[in-house]
Amino acid sequence: MPELDRRTVIAGLPAAAILAASTPAPARPTGTPVFGAETFTLPNGLTAAVIPMRRAPVVAHMVWYRVGGADEPPGLSGMAHFLEHMMFKGTTTLGPGEFSRRVAREGGRDNAFTGHDYTGYFQQVAADRLELVMRMEADRMANLALDARETESERLVILEERRQVIDNVPTRRFRERLATLLYLNHPYGRPIIGWEHEIRAIPREALLKFHERFYGPGNAILVVQGDVTTEQVRRLAEATYGQAPPSPRVERVRPQEPPAEGERRLVLPDPRVREPQMARLFLAPSARAEPDESDALQVLAHILGSGPTSRLWRALVDPGLAASTSASYGGDTVDATEFGLHANPRPGVEPARIEEAVGDVIARLLDEGVTDAEVAQAIRQMTAGAAFARDSLMGGARTIGATLAVDLPLDHVEQWPARIATVTPARVVEAARAVLRRDAAVTGWLMPGERRA
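Residues numbered from 1 in each chain as written. Predicted model: local features only at pLDDT ≥ 70, side-chain atom pairs only at ≥ 80, totals over all residues. Heavy atoms only, no water.

Caption draft 1: Focus on empty space enclosed by the protein. Tallying each qualifying case throughout the model produces one cavity of 30 Å³ or more. A volume near 40 Å³ is recorded for the largest cavity. Every residue lining the largest cavity is listed: Met87, Phe88, Gly90, Thr91, Leu94, Gly95, Glu98, Phe99 and Arg140. Among the residues forming the lining of the largest cavity, the class breakdown is four nonpolar, three polar and two charged. (1 Å grid on protein atoms, 1.4 Å probe; cavity = no way out; pocket = protein on both sides within 12 Å on 5 of 7 lines; lining within 4 Å. Points joined across faces, edges and corners; volume = space filled by probe spheres on them. Nonpolar A, V, L, I, M, F, W, Y, C, P; charged D, E, K, R; others polar.)

Dropping the structure here:
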């Protein structure tokens, strides 16, 4: 799922580890953990994960709340993102903007992001400034001040943000409209930033209630990565976040999707577009609901759309039909998600020819299967990234935070290399048959041309 931060729209967090097993599922293999995270829980309900990384005297500090755009009341889309902005507008002890100014004075950086399933806040600071940012973050967890004038001023900022990062970017307008067709009933079909008319209607009182309900320690996850020990973080967490009164974990109650039936289509003309773009989306299970199928879908996406050796590339780019192709799947969501196929035709190639070629790739895969060599190559390329993830100060914190925020277990990340290695060609094809159904697909084209009145 796409996410919003305070400055821009980002494509998504580093993918959480996707883990594989055969059917029927054998005992899960174990290996060396990817990040070596250690966890604990405070008496007030706060969950914490610590990733020691002693290469430099710096830390990444993150707080994740198990609430996002899909948890908003109907008719108030954009509330989670609105509240993310307001978390920087002061508390009963800090004035508007003072949080970020203090972090900057200490040589650090901070930001935040909103997704459909979570909202996150992070800072990167010197290790000896960890207590400072923990105290400030705990302060705005408990003592947020939603000044009426600040709220109205920030509403205008968010409306301008929507114009800049959605309305003025054809590909993002296209993606927003496609989501409304894929999700007939689920709130994943609503934009994270919100519809303009609903952003204008969000009352300040609703933001206060939203914060009161979702921003307690029992609904939060603390993740610290860097030059620390678990005992250091525990001690600081008890002195800061531990002072907040206990709060319950908020149960997510959301409308679910009916069975997908019938192909849906979108053609979105835009005068700013030079060349057409195609996307075909399929509803797919999350790793929470179907872990084994989710694992196989991750490998399937790699085989179909991971660059010059992928099936889509060889079938569309090499013959000159398309300039680029890709496939996407992210199973680290609370509810059913999407599997996507994408292509950018070369000039003069008709959309029907692209759709035919994509259909042929899928039909051949379902008819002939995938090879042992393809699966082995996908596994090698996917697991190679695990080593690089360990080198990033934010990589582990973001991956583990996103995983825990959607209620996947820590092993979903930590045991990825051992478990992805068990994916078989048969399971990849089985997952493809279950998900890549043309009679339940959403096919969209972003086209050059004038918008309809």
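Caption draft 2: Local environment of unusual backbone geometry. Positive phi is not limited to glycine here, since Asp407 has a value of about 70°. Inspection of the secondary structure assignment puts Asp407 in the loop between helix H13 (395-405) and helix H14 (411-414). (Helix = DSSP H or I, 4+ residues; strand = E, 2+ residues; numbered from the N terminus.)

Caption draft 3: Fine view of the pattern of salt bridges. Applying the stated criterion to the full structure yields 33 salt bridges. Its salt-bridge partner being Asp407, residue Arg66 comes within 3.6 Å of it at the nearest N-O pair. Here Arg66, found in the loop between strand S5 (58-65) and helix H1 (79-86), pairs with Asp407, found in the loop between H13 and H14; they are 341 residues apart in sequence, far enough to count as distant. We classify Asp407 as partly exposed; its relative accessible area is 32%. Of the charged contacts, one joins Glu131 and Arg135 as a salt bridge, the two residues approaching to 3.0 Å between their closest N and O atoms. One end of the pair is Glu131 and the other is Arg135, both in helix H3 (residues 130-142) and four residues apart, which spans about a single turn. Glu131 sits in the partly exposed class, given a relative accessible area of 34%. (Salt bridge = Lys/Arg side-chain N within 4 Å of Asp/Glu carboxyl O. Buried < 20%, exposed > 50% of the residue type's maximum accessible area, 1.4 Å probe, protein only.)

Caption draft 4: Layout of the packing of aromatic side chains. Tallied over the full model, the rule gives twelve aromatic pairs. Centroid distance Trp64 to Phe113: 5.1 Å. Interplanar angle 65°. Geometry classified as edge-to-face. With Trp64 in strand S5 and Phe113 in strand S6 (residues 109-114), the pair connects residues that are 49 residues apart, well separated along the chain. For the pair Trp64 and Phe113, one class covers both residues: buried. With a centroid separation of 6.4 Å and an interplanar angle of 90°, the aromatic rings of Phe113 and Tyr118 are classed as edge-to-face. Taking relative accessible area as the criterion, Phe113 reaches 1% and is therefore assigned buried. We classify Tyr118 as buried; its relative accessible area is 6%. Members of the aromatic cluster, joined through ring pairs, are Tyr65, Phe88, Phe99, Tyr121 and Tyr215. Between the NZ or CZ atom of Arg140 and the centre of the ring of Phe99, over which it lies, the distance is 3.7 Å. Over the ring of Phe40 we find Arg234, and its NZ or CZ is 4.5 Å from the ring centre. (Phe/Tyr/Trp six-rings, centres within 6.5 Å; stacked < 30°, edge-to-face > 60°. Lys NZ or Arg CZ within 6 Å of the ring centre and 35° of its normal.)

Caption draft 5: Layout of the layout of surface pockets. Each pocket or cavity is described by its volume, and for the second largest pocket that value is around 280 Å³. Lining the second largest pocket we find 19 residues, and of these Ala70, Glu72, Pro187, Arg190 and Pro255 sit closest to its centre.

Caption draft 6: Looking closely at the sheet that holds strand S13 (residues 442-448). Spatial strand order, S9-S13-S10-S12-S11: five strands in an open sheet with mixed pairing. Across the chains shown, the open sheet's two edge strands, defined by having one partner strand only, are strand S9 (264-270) and strand S11 (322-329). Across this sheet, the average inter-strand angle for adjacent strands is 15°, counted without regard to direction. Of the strand pairs in this sheet, S9 and S13 are connected by seven bridges, and their pairing is parallel. Note that in S13 the partner of Pro269 across the bridge is Met447. (Pairing = 2+ DSSP bridges. Axes fitted to C-alpha atoms, helices over the stretch in contact; angles between N-to-C directions.)

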